Amino acid sequence: MQQQYLDAYDAQLRTTPEVSGASSAVAHGPLLLATFPCGRGFITYAGLGDLDADGVALLVDAATDHFVRLPEVTEVEWKTRGHDRAPGLHGALVARGFVPEDPESIMIGEAHLLAQQVDIPSQVTIRRSRSDDEVLAAGEMQGLVFDDPDWRSRAESVITRLHEDASTELWIAVVDDVVVSAGRLEPVPDTEFAGLWGGATLPGWRGRGIYRALTAERARSALARGIRYLQSDSTEFSRPILERSGFLKVSTTTPYVWTRPTG
């Protein structure tokens, strides 16, 4: 089952689906170099073929030069996967100023197995967000959980996406009009997948089944749309919760981030 999920992930979710919403995307060899609003660059690929370390280093040079020449881009993420063959990639990225962040687990599960009934505290209500203010409230909560000072710009990007793409959903858990947990469901066009993104729960409300229930509600919504698989890149906080919900870890992903020097 794990290999089946990984094969589906590699075949359906890499390259073009990852850059939907980009303002531009250009190919360089196996790489896809995308520029997103708010000054963010993104580098992905389906594989690096039989390149040796020298060939990989040349790709890193070309990708870095591409974004250096775009002054509006202030940060670039190179998305790596643990199951890829990529000789010398870590060293080449670090040598060119990319900094590795914490690895995340690539989690995949079948929606019908994840649509479980989960008991939660009676004062908690789980539903889709109803207004821009609720999206901002969810973004502020996520900013607190992830220590993200740029939460507002990210929340505003979510608002724009929700207005432009009716298939994207933000689900929230609310207690007395306070958002205590949230996460998005983002169907991937022309695939069997939807992504679970932005999942977070305030520390005081963890361990009560809320995030598992939020996942189950999103799974039911995905099933109603005819979606087979759910996928998430998960931190070590959310990975055990998703495993209890029926997800399998199929690989890892590590973002390497380059930040444009100031001054």
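Fair warning: this is a prediction, and the values are worked out from it, not measured in the lab.

Draft legend 1. Fine view of the packing of helix α5 (residues 132–146) against helix α6 (residues 151–164). α6 packs onto α5 with a crossing angle of 140° between their chain directions and a minimal axis gap of 9 Å. Where α5 crosses over α6, the two elements pack in a sense that is right-handed. Side by side, α5 and α6 meet where Asp132, Val135, Leu136, Gly139, Glu140 and Gly143 of the first sit next to Trp151, Arg152, Ala155, Glu156, Val158, Ile159, Leu162 and His163 of the second. Here the residues of the contact of α5 with α6 sort into 7 nonpolar, 3 polar and 4 charged.

Draft legend 2. A look at the packing of aromatic side chains. Scanning all chains against the criterion turns up 5 aromatic pairs. Taking 6.3 Å as the distance between ring centres and 85° as the angle between the ring planes, the aromatic pair formed by phenylalanine 36 and phenylalanine 42 counts as edge-to-face. When sorted by exposure, phenylalanine 36 lands in the same class as phenylalanine 42, which is buried. Measuring from centroid to centroid gives 6.5 Å for tryptophan 78 and phenylalanine 98, while their planes differ by 85°, and the two rings are edge-to-face. Note that tryptophan 78 is positioned in strand β4 (residues 75–81) and phenylalanine 98 in the loop between α3 (89–95) and β5 (99–100), a separation of 20 residues in sequence. Both residues of the pair, tryptophan 78 and phenylalanine 98, belong to the buried class.

Draft legend 3. Examining the pattern of salt bridges more closely. Counted by the stated rule, this structure contains 16 salt bridges. One salt bridge connects glutamate 236 with arginine 239, and the closest N-O pair in it is separated by 2.9 Å. Each of Asp10, Arg14 and Asp84 takes part in a single network of salt bridges with overlapping partners.

Draft legend 4. The arrangement of the pairing of strand β1 (residues 24–28) in detail. Two elements, β1 and strand β2 (residues 31–36), share 5 bridges in a ladder whose sense is antiparallel. Within the sheet, the bridge partner assigned to alanine 27 lies in β2 and is leucine 32. The hairpin turn running from β1 into β2, its antiparallel successor, is 2 residues long, and glycine 29 in that turn takes a positive phi close to 60°.

Draft legend 5. The arrangement of the nonpolar core in detail. Val124, Ile126, Leu230 and Phe247 are the most contacted members of the largest nonpolar core, which has 24 residues in total. Elements that contribute at least two residues to this core include exactly α4 (111–114), β8 (169–175), β9 (178–187), β10 (193–201) and α7 (210–224). If you tally residues by element for this core, the top one is α7, at 6 residues. Residues Leu33, Phe98, Tyr256 and Trp258 belong to the second largest nonpolar core, which totals 20 residues.

Draft legend 6. Inspection of the pairing of β10 at higher detail. Here β9 pairs with β10 via 6 bridges, running antiparallel. If you follow alanine 182 over to β10, its bridge partner there is alanine 200. Once β9 ends, the chain turns through 5 residues before running back antiparallel as β10, passing aspartate 190 with a positive phi of about 65°. Bridging between β10 and strand β11 (residues 229–234) involves 3 bridges; their strand directions are parallel.

Draft legend 7. Spotlight on α6. With 14 residues, α6 ought to run about 20 Å at 1.5 Å a step, and its terminal C-alpha atoms sit 20 Å apart, in line with that. Residues of α6 that are buried: Trp151, Ala155, Val158 and Ile159. Down the axis, α6 shows its buried residues gathered within 105° of arc, on one side only. Those residues of α6 that are exposed and aimed more than 90 degrees away from the buried face are His163 and Glu164. Those residues of α6 hidden inside the fold are in contact with α5 and β9.

Draft legend 8. Structural view of the environment of glycine 195. Checked against the element boundaries, glycine 195 lands in strand β10. Remark: the alpha-carbon pair of glycine 195 and aspartate 119, spanning 76 residues in sequence, is separated by 24 Å. With sequence-adjacent residues up to four places away left out, glycine 195 is seen in contact with Arg184, Leu185, Glu186, Val188 and Gln231.

Cut-offs used in this document
Sequence positions are assigned chain by chain, starting from 1 and proceeding in written order. Local features in this predicted model are restricted to residues whose pLDDT is 70 or higher, and side-chain atom pairs enter the listing and the counts only when it is 80 or higher, whereas totals over whole chains, interfaces and linings include all residues. Only hydrogens and water are removed before side-chain values are computed, so all heavy atoms of the structure are retained for them. Axes, fitted as lines to C-alpha atoms, cover a helix only where it is in contact. Angles between the N-to-C directions of the axes lie from 0 to 180 degrees. Only runs of H or I of at least four residues qualify as helices and only runs of E of at least two qualify as strands under DSSP, and these elements are numbered from the N terminus. Left-handed describes a crossing whose near helix is turned anticlockwise from the far helix through less than a right angle; right-handed describes the clockwise counterpart. Two residues form a contact once any of their heavy atoms are found within 4.5 Å. Polar here means any residue outside two lists: the nonpolar Ala, Val, Leu, Ile, Met, Phe, Trp, Tyr, Cys and Pro, and the charged Asp, Glu, Lys and Arg; Gly therefore counts as polar. Between 30 and 60 degrees the pair is tilted, below 30 it is stacked and above 60 it is edge-to-face, where a pair is any two Phe, Tyr or Trp rings, Trp via its six-membered ring, whose centres lie within 6.5 Å. Any residue under 20% of the maximum accessible area for its type is buried, any over 50% is exposed, and the rest in between are partly exposed; the area is computed with a 1.4 Å probe on protein chains only. One side-chain nitrogen of Lys or Arg within 4 Å of one carboxyl oxygen of Asp or Glu is enough to make a salt bridge. In this description, strands pair whenever DSSP reports at least two bridges between them. In this text, buried Ala, Val, Leu, Ile, Met, Phe, Trp, Tyr and Cys residues form a nonpolar core when linked through side-chain atoms within 4.5 Å. The span one expects for a helix is its residue count, reduced by one, times 1.5 Å. Working note: the arc is built from the helix axis to C-beta atom directions.

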